[in-house]
Amino acid sequence: MVNQSNVSKKIQMRASIEWHQLVGVNEAIAPTPQNRLAVKQPPADPIPLQPSPSDHTHEVLASPKTLPRSSDQPKKSAIELAATANTLSALRRSLESFEGCTLMKTATNLVFADGQIGSKILFIGEAPGAEEDREGVPFVGPSGRLLDKMLASIELRRSDVMISNLVFWRPPGNRTPTQQEAAICMPFVERLIELVSPQILVPLGGPAAKSLLGQTQGIGRLRGKWYNFETSRTPYPIPSTPIFHPAYLLRTPMQKRTAWSDLRLIRNKLNSAQHT
Ligand code: URA
């Protein structure tokens, strides 16, 4: 005889699984459940970047305070916090104290930046994925492994460059960050670019290219050209050229040839900068 209560439990479970999949909860990311709404304490040693000697000079941000929120308050708070950070370590601490981006409620870790502080090239991706969220480091998953190969093709190692993202927390289910999420994180991204002050800025993929370069066209039209990236605090316009995102290249290997020619563009620019 069919047990009606078991049948209805199964229906409920199936509906629950489907709902979780729909909202992007499609994997177990930790062995024990976490209370993601609990107030987060900063980790004991929150700064993965190796500070360079010049990184010690302007440590003005002792303990940034997050402002109360209203509709445009997160953006205002982001602008104020980012502006006061005069080193990358301080910028990271500002982000740790920032509460204005809802992505942080579902993410496991803040994913700030990785690489060499005096880097000549800064890559900005879209958003951390599952592995990045687990480790708190950008581009350590499949896209990161391809990015390493792309760098190697132009004689660069991971340690030669700096890498970060348009948003600093993983969007649920790896969805593209919304325009609002990107806008809220943008003051921190801009400050990161100002502090790194690279010779070349490389947005990875359409969302990063559009947000950073203020363009509306897709990456297929934006790639292969140079743009100037500027803020009120950049000492000079930074040459910027967007390239295909490694995740797209993993799905569309036919485009690797085009990506290779875009990487040559970057190599040539670096070479000509070395000779001036
Ligand atoms: N894709 C991104 O855009 N960023 C990462 O850090 C990883 C994957």
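Look above for the structure.
Here goes a summary of the coordinates provided. (Residues numbered from 1 in each chain as written. Predicted model: local features only at pLDDT ≥ 70, side-chain atom pairs only at ≥ 80, totals over all residues. Heavy atoms only, no water.)

1. Quick look at the packing of aromatic side chains
- Taken as a whole, this structure holds four aromatic pairs when the rule is applied.
- On the basis of an interplanar angle of 55 degrees and a centroid distance of 5.0 Å, the ring pair of Phe98 and Phe188 is categorised as tilted. In this pair, Phe98 sits in the loop between α3 (88-97) and α4 (103-106) while Phe188 sits in helix α7 (residues 179-196), placing the two residues 90 residues apart along the sequence.
- According to the relative accessible area criterion, Phe98 is buried, its value standing at 1%.
- Relative to Trp169, the ring of Phe168 lies with its centre 6.2 Å away and its plane at 80 degrees, an arrangement referred to as edge-to-face. You'll find Phe168 and Trp169 in the same group, each marked buried.
- Here the aromatic residues Phe112, Phe168 and Trp169 are joined through ring pairs into a cluster of three or more.
- Its guanidinium or amino end placed over the ring of Trp226, Lys269 lies 4.4 Å from that ring's centre, counting from NZ or CZ. (Phe/Tyr/Trp six-rings, centres within 6.5 Å; stacked < 30°, edge-to-face > 60°. Helix = DSSP H or I, 4+ residues; strand = E, 2+ residues; numbered from the N terminus. Buried < 20%, exposed > 50% of the residue type's maximum accessible area, 1.4 Å probe, protein only. Lys NZ or Arg CZ within 6 Å of the ring centre and 35° of its normal.)

2. Here we look at the side chain of Arg191
- Checked against the element boundaries, Arg191 lands in helix α7.
- In this structure Arg191 touches Ala82, Ala83, Ala85, Asn86, Leu91 and Arg233, once residues within four positions along its chain are discounted. (Contact = heavy atoms within 4.5 Å.)

3. Digging into the site of the ligand
- What surrounds the ligand is the set Gly125, Glu126, Ala127, Pro128, Glu132, Pro138, Phe139, Asn165 and His245.
- The backbone of Ala127 places a nitrogen or oxygen atom 3.0 Å from a nitrogen atom of the ligand.
- Interatomic distance of 2.8 Å between a side-chain N/O atom of Asn165 and a nitrogen atom of the ligand.
- Surface burial for the ligand is 93%, taken as the share of its 230 Å² of free accessible area covered by protein chains.
- Split by residue class, the shell around the ligand holds four nonpolar, three polar and two charged. (Near = heavy atom within 4 Å. Polar contact = N/O pair within 3.5 Å; in protein donor to acceptor, adjacent residues only side chain to side chain. Areas by Shrake-Rupley, 256 points an atom, 1.4 Å probe, with all protein chains shown as cover. Nonpolar A, V, L, I, M, F, W, Y, C, P; charged D, E, K, R; others polar.)

4. A closer look at the packing of α3 against α7
- Taken N-terminus to C-terminus, the directions of α3 and α7 make an angle of 170 degrees; their axes are 10 Å apart at the nearest point. In terms of their interaxial angle, α3 and α7 are classed as roughly antiparallel. In this structure, α3 contributes Leu88, Leu91, Ser94 and Leu95 to the contact, and α7 contributes Phe188, Arg191, Leu192, Leu195 and Val196.
- Of the residues belonging to the contact of α3 with α7, the class tally is seven nonpolar, one polar and one charged. (Axes fitted to C-alpha atoms, helices over the stretch in contact; angles between N-to-C directions. Parallel < 35°, antiparallel > 145°, perpendicular 65-115°, else oblique.)

5. Topic: the packing of helix α2 (residues 73-84) against α7
- Running from N to C, α2 and α7 cross one another at 10 degrees; their axes reach a closest spacing of 8 Å. When the axes of α2 and α7 are compared, the pair comes out roughly parallel. On α7, the residues that touch Pro74, Lys75, Ala78, Ile79, Leu81, Ala82 and Ala83 of α2 are Ala183, Ile184, Pro187, Phe188 and Arg191.
- Among the residues making up the contact of α2 with α7, the classes are represented as 10 nonpolar, no polar and two charged.

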